[in-house]
Amino acid sequence: MIQPTLLQPADRRLAAAAIASILLLGSARLLLDIFKTNHQPHLSTIHNKPSPPPIFLSPADRRSFSPAKCNPFEGQWVWNDDHNVTSSSSPSPLYTEDSCPYLVKQTTCQRNGRPDGAYQRWRWKPAGCELPPFEAAKMLDVVRGKRVMFVGDSVMRSQFESMVCMVQAAVPRGARSFDRVPPRKVFRAGGEWDVTLEYYWAPFIVESISDHATNHTVHKRLVSLDAIDKHGATWKEADVLVFESYVWWMHKPFINATYVTPLSLSLSPSFSLLVAS
């Protein structure tokens, strides 16, 4: 029978230090292996500050509305109040002027003297279906890691501001920013999403004498129908582009136009285009 050997105090301290070193190195290696995988935990979770989990669209979400079976452009505006909100509609309003700091004065009805808020309680109802309820977190998840740009006149600027106002409340205050660098406005939703929503002032889409964001003319319009490189250089890296400019084309029956190079175009007096990659 082998008798156990008793370690001297100095040897015990050395053995304890060796075991502690092995455990420390093992823990460090485990953490490094975790961070190399696709399922790495957030640093905030490690520091006992859990992050909200990513929100992904479920198959049910994708089946709830099919553009192939329902034309969202044919329908009517219906009244929506707190007692008439179904599972397929969103409570209204989705935001108020006081809840969104990104609205310009021109688009704030109540700040400009409108006494009532009834106009905020209408929602669009397609003729043959129901639009799914709007959820800011799911909207941000759809465009996670992408750059979405709205291009056009003040009507498109209003659409951009509405989108920003609808999603901004879902983004932690320290993770969102808003920059105004004419002719652009840029809203960034960091954190879980890394989404950029942008607006670019280009009232005719093509280049014109009205391209200055604040100093432009409606009545003496001159457009270069085949010149778009200046504007396009700004939006060519966008993942989603939304165009709108019909108000400016419809102001008068005639527009002064010029060409940099010979070009034949057939322009509709009213058009709207969405290009998504």
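In the annotation of an unreviewed UniProt entry, the entry for the chain reads Trichome birefringence-like N-terminal domain-containing protein, and the organism field reads Linum tenue. The chain has a UniProt comment under Subcellular location (unreviewed entry) that states "Membrane". Comment text from UniProt for the chain, heading Sequence similarities (unreviewed entry), reads "Belongs to the PC-esterase family. TBL subfamily."

A. Representation of the pattern of salt bridges in the model. Scanning the model with the defined rule gives 9 salt bridges in all. The salt bridge partner of Arg123 is Glu130, with a shortest N-O separation of 3.3 Å. Residue classification places Glu130 among the partly exposed positions, given a relative accessible area of 26%. Notably, a salt bridge pairs Arg144 with Asp141, separated by 2.5 Å at the nearest N-O pair. You can call Asp141 buried: its relative accessible area is 9%. What you see here is one network of salt bridges that share partners, running through Arg147, Arg184 and Glu198.

B. Focus on the packing of aromatic side chains. Considering all chains together, one arrives at 11 aromatic pairs under this definition. Here the aromatic rings of Trp79 and Trp122 are separated by 5.3 Å at their centres, their planes lie at 80°, and the arrangement is edge-to-face. Here the residue Trp79 occupies a position in strand E1 (residues 75–79), and Trp122 occupies one in strand E2 (residues 122–126), the gap between them amounting to 43 residues. On the basis of relative accessibility, which here comes to 36%, the residue Trp79 falls in the partly exposed class.

C. Representation of the state of the cysteines within the structure. Overall, the coordinates contain 2 disulfides when judged by the stated rule. Covalently, Cys70 is tied to Cys129 through a disulfide, its sulfur atoms 1.9 Å apart. Note on the Cys70 and Cys129 pair: the S-S dihedral is about -70°, so by sign convention the disulfide is left-handed. One end of the pair, Cys70, is in the loop between helix H3 (59–63) and E1; the other, Cys129, is in the loop between E2 and helix H4 (136–142), and 59 residues separate them in sequence. Among the residues examined, Cys129 registers a relative accessible area of 16% and is labelled buried.

Thresholds, definitions, all that
Residues numbered from 1 in each chain as written. Predicted model: local features only at pLDDT ≥ 70, side-chain atom pairs only at ≥ 80, totals over all residues. Heavy atoms only, no water. UniProt positions renumbered as here; feature names shortened; annotations may be inferred. Salt bridge = Lys/Arg side-chain N within 4 Å of Asp/Glu carboxyl O. Buried < 20%, exposed > 50% of the residue type's maximum accessible area, 1.4 Å probe, protein only. Phe/Tyr/Trp six-rings, centres within 6.5 Å; stacked < 30°, edge-to-face > 60°. Helix = DSSP H or I, 4+ residues; strand = E, 2+ residues; numbered from the N terminus. Disulfide = S-S within 2.5 Å.

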